[in-house]
Amino acid sequence: MNDDELRQMLALMESYKARTEALSRQLTMLRTSLEEVNLASESIKALMAANEGDEIMIPIGASSFMNVKVTSNKNIIVGVGSGISVEKTPEDAKAYMEANAAELAEAAKKTASALQEVQQALSTVSEAVQIEYTNRQQNSKQ
């Protein structure tokens, strides 16, 4: 391997490292979003099972919950993206959350797969660079 090829391998290695970090952050965000959607789904199910006047616990974030009394209006305000929220029936909100969870799970699966591929490529390039450095050190000692 000549010097130019070695520099290209080092640049490729840095590119793979940056891609690995970006995919790791993306995977973390997807998993966090999926947890939030699942928590919302559980709250919607609790609301659907409750009768008017019942008290149920609803998550308010940061692993905190509050007791609320169920009224006759069980409609739910659902964020649908880009800062837009719409009012939905509990059934429609539950279906929306399930679809959202499926999309997030699929995106997380694809991201995890891409991350694994990039990590493997990084490992391969790193190993090649390390072998080249070792060879150069041995040749310089001779």
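Up top is the structure these notes are about.
Remember, it's a predicted structure, so these values are computed and weren't measured experimentally.

Trainee: What am I meant to see in the pairing of strand β1 (residues 55-61) here?
Mentor: The sheet contact formed by β1 and strand β2 (residues 64-69) spans six bridges and is antiparallel. What sits directly across from P59, in β2, is F65. The loop that links β1 with its antiparallel partner β2 comprises two residues; one of these, A62, has a positive phi angle of about 55 degrees.

Trainee: Which parts of the structure should I look at to understand a nonpolar patch on the surface?
Mentor: Taken together, the side chains of L39, M57 and F65 define a hydrophobic patch exposed on the protein surface, amounting to about 300 Å² of accessible area. The exposure class of L39 is partly exposed, given its relative accessible area of 39%.

Trainee: Looking at this structure, how should I read the environment of V78?
Mentor: Relative to the assigned elements, V78 resides in strand β3 (residues 76-81). Separated by 18 residues in the primary sequence, V78 and Y96 place their C-alpha atoms 8.8 Å from one another. Those residues within four positions of V78 in sequence are excluded, and the remaining contacts are I84, S85, V86, K88, A93, Y96 and M97.

Trainee: How should the pattern of salt bridges be read in this particular structure?
Mentor: Once the charged atoms of two side chains with opposite charge are near each other, the side chains can pair. The tally for this structure, following the rule as stated, stands at six salt bridges. Among the salt bridges present, the one from E14 reaches K17, with a minimum N-O distance of 3.6 Å. Here K17 and E14 lie together in helix α1 (residues 3-49), a separation of three residues that amounts to about one turn. Judged by its relative accessible area of 47%, E14 is partly exposed. On the accessibility criterion, K17 (33% relative accessible area) is partly exposed. For E132, the salt bridge is made with R136, and the minimal N-O distance between the two is 2.8 Å. Residue E132 and its partner R136 are located together in helix α2 (residues 90-141), separated by four residues, close to a single helical turn. On the basis of relative accessible area, E132 is assigned to the buried category, the value being 11%. According to the relative accessible area criterion, R136 is partly exposed, its value standing at 29%.

Trainee: Before we go on, may I ask you to explain the packing of α1 against α2 in this structure?
Mentor: Two packed helices can be described by the angle between their axes and the distance between those axes. At a minimum axis distance of 7 Å, the contact between α1 and α2 shows a crossing angle of 160 degrees. One element, α1, and the other, α2, form an angle in the roughly antiparallel class. For the pair α1 and α2, the sense of crossing is left-handed. Looking at the contact of α1 with α2 residue by residue, the classes come out as 33 nonpolar, ten polar and nine charged.

The rules behind these values
- Residues numbered from 1 in each chain as written.
- Predicted model: local features only at pLDDT ≥ 70, side-chain atom pairs only at ≥ 80, totals over all residues.
- Heavy atoms only, no water.
- Pairing = 2+ DSSP bridges.
- Helix = DSSP H or I, 4+ residues; strand = E, 2+ residues; numbered from the N terminus.
- Patch = residues over 30% accessible without salt bridge, like charges linked within 9 Å, V, L, I, M, F, W, Y side chains within 5 Å.
- Areas by Shrake-Rupley, 256 points an atom, 1.4 Å probe, with all protein chains shown as cover.
- Salt bridge = Lys/Arg side-chain N within 4 Å of Asp/Glu carboxyl O.
- Buried < 20%, exposed > 50% of the residue type's maximum accessible area, 1.4 Å probe, protein only.
- Contact = heavy atoms within 4.5 Å.
- Axes fitted to C-alpha atoms, helices over the stretch in contact; angles between N-to-C directions.
- Parallel < 35°, antiparallel > 145°, perpendicular 65-115°, else oblique.
- Left-handed = near helix turned anticlockwise from the far one by under 90°.
- Nonpolar A, V, L, I, M, F, W, Y, C, P; charged D, E, K, R; others polar.

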